[in-house]
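# Coordinates in review
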Amino acid sequence: MATVAFIGLGNMGGPMATNLVKAGHTVTVFDLSEAACRQLQAAGAAVAASAAEAAAGVDYVLSMLPAGKHVAATYLGENGLLAGLDQATTVLDCSTIDAATARQVGEAAAALGIGFMDSPVSGGVAAAAAGTLAFMCGGSAATFEKARQILQDMGKNIFHAGPAGAGQVAKGCNNMLLAIHMIGTCEALEMGVRNGLDPKVLSEIMLASSGRNWSLEVYNPYPGVMEKAPASNDYKPGFMVDLMVKDLGLAMEIARQSDFDNPMGQLAGELYNRHQQAGNGQMDFSSILQMLQH
Ligand code: NAD
């Protein structure tokens, strides 16, 4: 069993840290929110007064923070965690952030002889609670081996995508594709319905044909087709439009930085931005169907 510092105990980090406690690790937590810390304390974790205090002398530092600026502030600079860490500590940032910051933290860690992996996740709050997240890791092969030993207590599929930053690139590619096939699925279903087809029957046809995809298979965006999908529950998330807009923004940044023209991803980004600006940020991302219906 390992000693672990866990920084960032929000909707995702809270259940992830809880699973590490349940697996028998010695977990010390820190979050700016005292309530979040108290919740983990009740689950069996120790609470530190700062991220640095939590990270002192541990085998692993894990973080699950909102964005790149929080990750940079936590790890980099004179007051950042990296400067005070032991070389035996492995750092795993599970937040979804821009690939450039992930590379920057990875390089700073490497210069100090500390193993770092960007390890963003696929799967939402339910997967975090169930311990079935998918991790996409960027870093060295040796760090990946260490990472796997702890990530397996929070997830099911653990991939080594490449060097530092590669986990964030993989996540950006995946979520861009998710947005594209969700919008495409909505468009196909709505066109069928406007021409008199039953969305359930059309879904069955496309599932048995070449239009089959994840949105259609497990997350049907048409109300009433799939009982457990957010569409059949007033589009309660699920996966919020706000988070999809964030992830598409990161994907656009990856495209820009690699001088890559991604017309489908850009259009998906524009449509989700418009949907968000119309006041739908807190709805599930499959509610993009409603925009197409207007
Ligand atoms: P959240 O806002 O619920 O939690 C973030 C937590 O970080 C908060 O408790 C906040 O107090 C804490 N925090 C912020 N700055 C801090 C600092 N400097 N030191 C310590 N704690 C700090 O967010 P979330 O939904 O848990 O998401 C976390 C990350 O996971 C994000 O990068 C998000 O994009 C990603 N993600 C979320 C989902 C999802 O469905 N919610 C799915 C996949 C990935």
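Residues numbered from 1 in each chain as written. Predicted model: local features only at pLDDT ≥ 70, side-chain atom pairs only at ≥ 80, totals over all residues. Heavy atoms only, no water.

### Concerning the packing of helix 8 (residues 166-194) against helix 9 (residues 199-207)
Rules: The axes are straight lines fitted to the C-alpha atoms, using for helices just the contacting stretch, and the angles between their N-to-C directions are given from 0 to 180°. For the purposes of this entry, the term helix denotes a DSSP run of H or I that reaches at least four residues, the term strand denotes a run of E that reaches at least two, and both are numbered from the N terminus. Throughout, the term roughly parallel applies to angles under 35 degrees, roughly antiparallel to angles over 145, roughly perpendicular to angles from 65 to 115, and oblique to all others. A crossing counts as left-handed when the near helix is turned anticlockwise from the far one by less than a right angle, and as right-handed when that turn is clockwise. Here, residues are in contact when the closest pair of their heavy atoms is within 4.5 Å.
Packing of helix 8 against helix 9 leaves a shortest axis separation of 9 Å and a crossing angle of 130 degrees. In terms of axis orientation, helix 8 runs oblique to helix 9. Crossing of helix 8 against helix 9: the hand is right-handed. Taking contact as the criterion, the partners of Ala188, Leu189, Gly192 and Val193 in helix 8 are, on helix 9, Pro199, Leu202, Ser203 and Met206.

### A closer look at the nonpolar core
Using the following cut-off: Nine residue types can take part in a nonpolar core, namely buried Ala, Val, Leu, Ile, Met, Phe, Trp, Tyr and Cys, and a core is a set of them joined through side-chain atoms within 4.5 Å. Burial classes: relative accessible area under 20% of the type maximum marks a residue as buried, over 50% as exposed, and values in between as partly exposed (1.4 Å probe, protein chains only).
Counting 33 residues, the largest nonpolar core has Phe6, Met16, Phe135 and Leu151 as the members making the most contacts within it. For this core, the secondary-structure elements that each account for two or more residues are strand 1 (3-7), helix 1 (13-22), strand 2 (26-30), helix 2 (34-43), strand 4 (60-63), helix 6 (125-130), strand 8 (133-138) and helix 7 (141-151). Setting aside residues up to four positions removed in sequence, Phe135 forms contacts with Met16, Cys94, Ser119, Pro120, Val121, Leu151, Met154, Gly155, Asn157, Ile158 and Phe159. Counting residues in hydrophobic clusters, the runner-up holds 30 residues, among them Leu178, Met182, Val241 and Met244.

### Remarks on the site of the ligand
Which entries qualify depends on this criterion: Here a residue is considered near a molecule or strand provided that any single heavy atom belonging to it is located within 4 Å of it. Polar contact is the term for a pair of N or O atoms within 3.5 Å; when the atoms are in protein, one must be able to donate a hydrogen and the other to accept it, and sequence-neighboring residues count only if both atoms are side-chain atoms. Calculation of accessible area relied on Shrake-Rupley with a 1.4 Å probe; when residues are assessed, cover is drawn exclusively from the protein chains displayed.
Around the ligand, 21 residues are found, and the nearest of them are Asn11, Met12, Asp31, Leu65 and Lys246. Taking Pro66, its main chain carries an N or O atom lying 3.2 Å from an oxygen atom of the ligand. Contact distances for the ligand include 2.7 Å between an oxygen atom and a side-chain N or O atom of Lys246. For the ligand, the protein covers 82% of the area, taking 840 Å² as the surface of the free molecule.

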